[in-house]
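Observations on the three-dimensional arrangement
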Amino acid sequence: MASGKEIRTQIASIKSTQKITSAMEMVAASKMRKAQERMAATRPYADKILNVIQHLAYANPEYRHPYLQDREEKQRVGYIVVSSDRGLCGGLNNNLFKEVLHEIKSKSDKGLQVDICAIGQKASAFFSRLPVNMVAQVTQLGDAPRVHELIGSIKVMLDAYESGHIDSLYLVYNQFVNTMTQEDTFIRLLPATPGAPSEEMSHHWDYIYEPDAKEVLDDLLVRYIESVVYQGVVENIASEQASRMIAMKNASDNAGDLIDDLQLVYNKARQAAITQEISEIVAGAAAV
Amino acid sequence: MAMTIHVDIVSAEESIYSGLVEAVIASAQEGEVGIYPRHAPLLTRLKAGEVRLLKDGKEEQFYISGGVLEVQPHIVTILADTALRADDVNEAAALEAKAAAEKALNDKSAKMDFAEAQVQLAEAMAQLRAIERARKTRKH
């Protein structure tokens, strides 16, 4: 049986681990709240831009931007995979990558090749070890990413689409459902289907365009794709923090259980030592 | 009270301004525009520059680095860019993203970078500790 001192040091070591995990839990909780606020702040822009695009696509049926034309998947498919920069957030990234691998497999069964754009350290490390074609990456975005940090890697994919190198483009990220649930989500970015304009927007009026409708639409479509990707990145950060919070909470709870068990063992060992000592004394006294 | 119009200035990252004003003055691509209530629907690109909002005889100013101005009968929306968007800047950013990917792919022989190695080391250590603990507890 382990001696009392050994168990004590073990308890102390687990306690210090527990302190770290519970601190990480609290940090993740506060970061999650901020990320959620940021998520909400990105929404008006994306909604507004989508409204305008819907209206433009509806009002100019004769002009079809390449992004809006339906295209068959013939050769190559692009994926923008959003991951976190750091680990210790449960199975968040790995579950996502598993889904992506699944998807890649089903595409390659159809004879399609895959281009990957990795956002985040984890995705970059994961896909660079795999025999897939990683064409662009951006890492170390931090807790508050900026749109312009993403523009470069998105442009690589958009250019590939425009030149016909890839036939479609997907965004993969963890959707933040609530604190307990994060869902891996695939969104088809290109070809885009803006959908029909809302009741209010579909009335028979049109804008005055300066310089002209096409140029404005071109601009807006790129902005729209960027804003969707940006939203995905921000949402993924919220998911990461939520997942980390839960993982760290579990770790702290487990540490607590371990400490309780060890404490029990320690008490028993101490009690046994005392009993033994007493019986020795009694036996000694009886012998005199 | 003078007639007012609702203005939203939003960027992809945040909402910058929202409220009622008497007029909006912005520098559009084709020249400066002033939008007053009941302006005809208009959609135009904005250059980098100031957006001025007139309200109660006072003026509020915002600097935006480009974007799109949308005017509807009762609402004006400015979709502001968060950074200057010149084509060559975008091109440079794209090249940078590509180069980063290539570097990550070529670094395979050098294994992963420092941060990644640290994380894996921490994981391995945690696993070792868990195994050790399991062994110890089994002994009793």
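A short tour of the structure in this document, coming up. (Residues numbered from 1 in each chain as written. Chains lettered and ligands numbered in written order. Predicted model: local features only at pLDDT ≥ 70, side-chain atom pairs only at ≥ 80, totals over all residues. Heavy atoms only, no water.)

1. Details of the environment of Asp143 of chain A
Its location among the elements puts Asp143 of chain A in the loop between strand 3 (133-138) and helix 4 (147-162). Separated by 3.2 Å, the side chains of Asp143 of chain A and Lys31 of chain A make a polar contact. (Helix = DSSP H or I, 4+ residues; strand = E, 2+ residues; numbered from the N terminus. Polar contact = N/O pair within 3.5 Å; in protein donor to acceptor, adjacent residues only side chain to side chain.)

2. What about unusual backbone geometry?
Residues and elements named next belong to chain A. In this structure, the amide linkage connecting Leu190 to the following residue, Pro191, adopts the cis form with an omega of -10°. Its place among the elements puts Pro191 in the loop between strand 5 (182-190) and strand 6 (208-210). Its identity as a non-glycine residue notwithstanding, Leu88 has a phi of 55°, on the positive side. Structurally, Leu88 can be placed in the loop between strand 1 (76-82) and helix 2 (92-109). Overall, Leu88 belongs to the partly exposed group, its relative accessible area being 48%. (Buried < 20%, exposed > 50% of the residue type's maximum accessible area, 1.4 Å probe, protein only.)

3. Notes on the sheet that holds strand 4 (residues 168-176) of chain A
Residues and elements named next belong to chain A. Strand order in this open sheet of 5 strands is 3-2-1-4-5, and the pairing throughout is mixed. Only two strands of the sheet have a single neighbouring strand rather than two, namely strand 3 and strand 5. For this sheet the average axis-to-axis angle between neighbouring strands, irrespective of direction, equals 20°. Here helix 4 sits on the sheet in contact with strand 1, strand 2 (113-119), strand 3, strand 4 and strand 5, set at roughly 150° to strand 3. (Pairing = 2+ DSSP bridges. Axes fitted to C-alpha atoms, helices over the stretch in contact; angles between N-to-C directions. Contact = heavy atoms within 4.5 Å.)

4. Structural notes on the packing of helix 4 of chain A against helix 5 (residues 213-287) of chain A
Residues and elements named next belong to chain A. Running from amino to carboxyl end, helix 4 crosses helix 5 at an angle of 120°, the nearest separation of the two axes being 10 Å. With respect to each other, helix 4 and helix 5 are oriented oblique. Pair helix 4 / helix 5 crosses with right-handed handedness. Contacts between helix 4 and helix 5 involve Val147, Leu150, Ile151, Ile154 and Leu158 from the former and Val222, Ile225, Glu226, Val229, Tyr230 and Val233 from the latter. For the contact of helix 4 with helix 5, the per-class residue count stands at 10 nonpolar, no polar and 1 charged. (Parallel < 35°, antiparallel > 145°, perpendicular 65-115°, else oblique. Left-handed = near helix turned anticlockwise from the far one by under 90°. Nonpolar A, V, L, I, M, F, W, Y, C, P; charged D, E, K, R; others polar.)

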